[in-house]
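Coordinate inspection notes
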Amino acid sequence: MILFVIAMISALSVPQGGSFNLTLTEQGTVILDPCMFFENDLKSSGNYSPGTYSVIVSYGCEAGRKGIVVRYAGGEDRIFIDVEKVEKVEEKIIQLQKEVLSLKKEKEELINKRDYLQSLVSVLNDINVQLYDKQKELVEKNNFLASELEKSKSDLENCSKNITSLENKIGKMQTMLDSAKIELDQCSSELESLRGYLQSSSLYLDLFKNMTIVALAFIVGILLAIFRRY
């Protein structure tokens, strides 16, 4: 590669099929010889900003001096390039044709690969949309479940409080029940004692009745005996 600086007006030698760099120091319009073209856009002329550009000399460029015109806002420069003839150009052109065919084949393969990748991207986009919809559905379901979980936690907390309250009430009632059992046992003991006392009283009452009857009979007998005597 040959570096060519616009500020220096000089002739460079470039072989057919070769290339050189053209450096612009300011905005300008460049007009190359028709057998030359810019590597980046395959044009022989155009308006270019400051920078370095690669220029290709085609194999069809005849040997000899070729001119390049550079037009600036303040004027115009002409630069000359000596194109050197290359031996066995035909062989090199054939080689280039082979390379072009190879590049065309590679391009076709790349196009097929690009089309396949585009179809794959389309499929992946569809899958991505489905996954997005599914994710959105799962997020909504997750939010609903989270809300239900919070509600269940609140209900569980309330139930726990109610259970604690009921356990306290059950404890108090159990205490009252134990106390009632003790009082019941005491009442049962007193009832048994009263039953024994009543049984004893009944015996004494029967004895008293019998003794009263006997005493009355004795008194009546005495009274009858007295009445008979008088």
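What you see is a predicted model; the values in this text were computed from it and never measured. (Residues numbered from 1 in each chain as written. Predicted model: local features only at pLDDT ≥ 70, side-chain atom pairs only at ≥ 80, totals over all residues. Heavy atoms only, no water.)

1. Focus on the packing of aromatic side chains
- Applying the stated criterion to the full structure yields 3 aromatic pairs.
- Each ring, one from Phe-38 and one from Tyr-48, has its centre 4.5 Å from the other, and the planes form 45°; the classification is tilted. In this pair, Phe-38 is assigned in strand E5 (residues 36-38) and Tyr-48 in strand E6 (residues 45-48), connecting sequence segments 10 residues apart.
- On the basis of relative accessible area, Phe-38 is assigned to the buried category, the value being 1%.
- Classification of Tyr-48 as buried rests on a relative accessible area of 8%.
- An aromatic cluster of three or more residues is present, and its members are Phe-38, Tyr-48 and Tyr-53. (Phe/Tyr/Trp six-rings, centres within 6.5 Å; stacked < 30°, edge-to-face > 60°. Helix = DSSP H or I, 4+ residues; strand = E, 2+ residues; numbered from the N terminus. Buried < 20%, exposed > 50% of the residue type's maximum accessible area, 1.4 Å probe, protein only.)

2. Quick look at the sheet that holds E6
- Strand order in this open sheet of 5 strands is E2-E9-E8-E4-E6, and the pairing throughout is mixed. Looking at strand neighbours, the two that pair on one side only are strand E2 (12-15) and E6, the edges of this open sheet. Across the sheet, the axes of successive neighbouring strands diverge by a mean angle of 30°, strand direction being ignored. (Pairing = 2+ DSSP bridges. Axes fitted to C-alpha atoms, helices over the stretch in contact; angles between N-to-C directions.)

3. Remarks on the confidence of the model for the protein
- The predicted model of the protein has a mean per-residue pLDDT of 81, with 89% of residues at 70 or higher.
- Mean pLDDT per element in the protein: strand E1 (residues 2-5) is the minimum at 40, and E5 is the maximum at 92.
- The model gives residues 1-10 a pLDDT under 50, and that stretch makes 31 contacts with residues more than four places away or in other chains. (pLDDT = per-residue confidence, 0-100. Contact = heavy atoms within 4.5 Å.)

4. A short note on the pairing of strand E7 (residues 51-57)
- Across the 7 residues that make up E7, a large majority, 5, are buried.
- The pairing of strand E3 (residues 19-24) with E7 spans 6 bridges and is antiparallel. Across the sheet, residue Leu-24 finds its bridge partner in E7, namely Gly-51.
- Summarising the sheet, E5 and E7 pair through 3 bridges and their orientation is antiparallel. From the neighbouring strand, Phe-37 faces E7, where its bridge partner is Ile-56.

5. With respect to the pairing of E3
- Taking burial as the measure, the 6 residues of E3 include 6 buried ones, the bulk of the element.
- Of the two faces of E3, the one lined by Ser-19, Asn-21 and Thr-23 and the one lined by Phe-20, Leu-22 and Leu-24 are each fully buried.

6. Let's talk about the state of the cysteines
- Here the structure, examined in full by the defined rule, presents 1 disulfide.
- A disulfide bridge connects Cys-35 with Cys-61, and the sulfur atoms are separated by 1.8 Å. Highlighted residues: Cys-35 in the loop between strand E4 (28-31) and E5 and Cys-61 in the loop between E7 and strand E8 (64-72), separated in sequence by 26 residues. We note that Cys-35, like Cys-61, is buried. (Disulfide = S-S within 2.5 Å.)

7. Considering the pattern of salt bridges
- Overall, the coordinates contain 5 salt bridges when judged by the stated rule.
- Glu-76 is paired through a salt bridge with Arg-78; the nearest N and O atoms lie 3.7 Å apart.
- Since its relative accessible area comes to 40%, Glu-76 is described here as partly exposed.
- Overall, Arg-78 belongs to the partly exposed group, its relative accessible area being 48%.
- The partner of Lys-161 in a salt bridge is Glu-157, and the shortest N-O contact between them spans 3.9 Å. Here Lys-161 pairs with Glu-157, and both are found in helix H1 (residues 89-229), just 4 residues apart, close to one helical turn.
- Here Glu-157 falls in the partly exposed class, since its relative accessible area comes to 47%.
- Among the charged side chains, a network of salt bridges with common partners joins Arg-71, Glu-76 and Arg-78. (Salt bridge = Lys/Arg side-chain N within 4 Å of Asp/Glu carboxyl O.)

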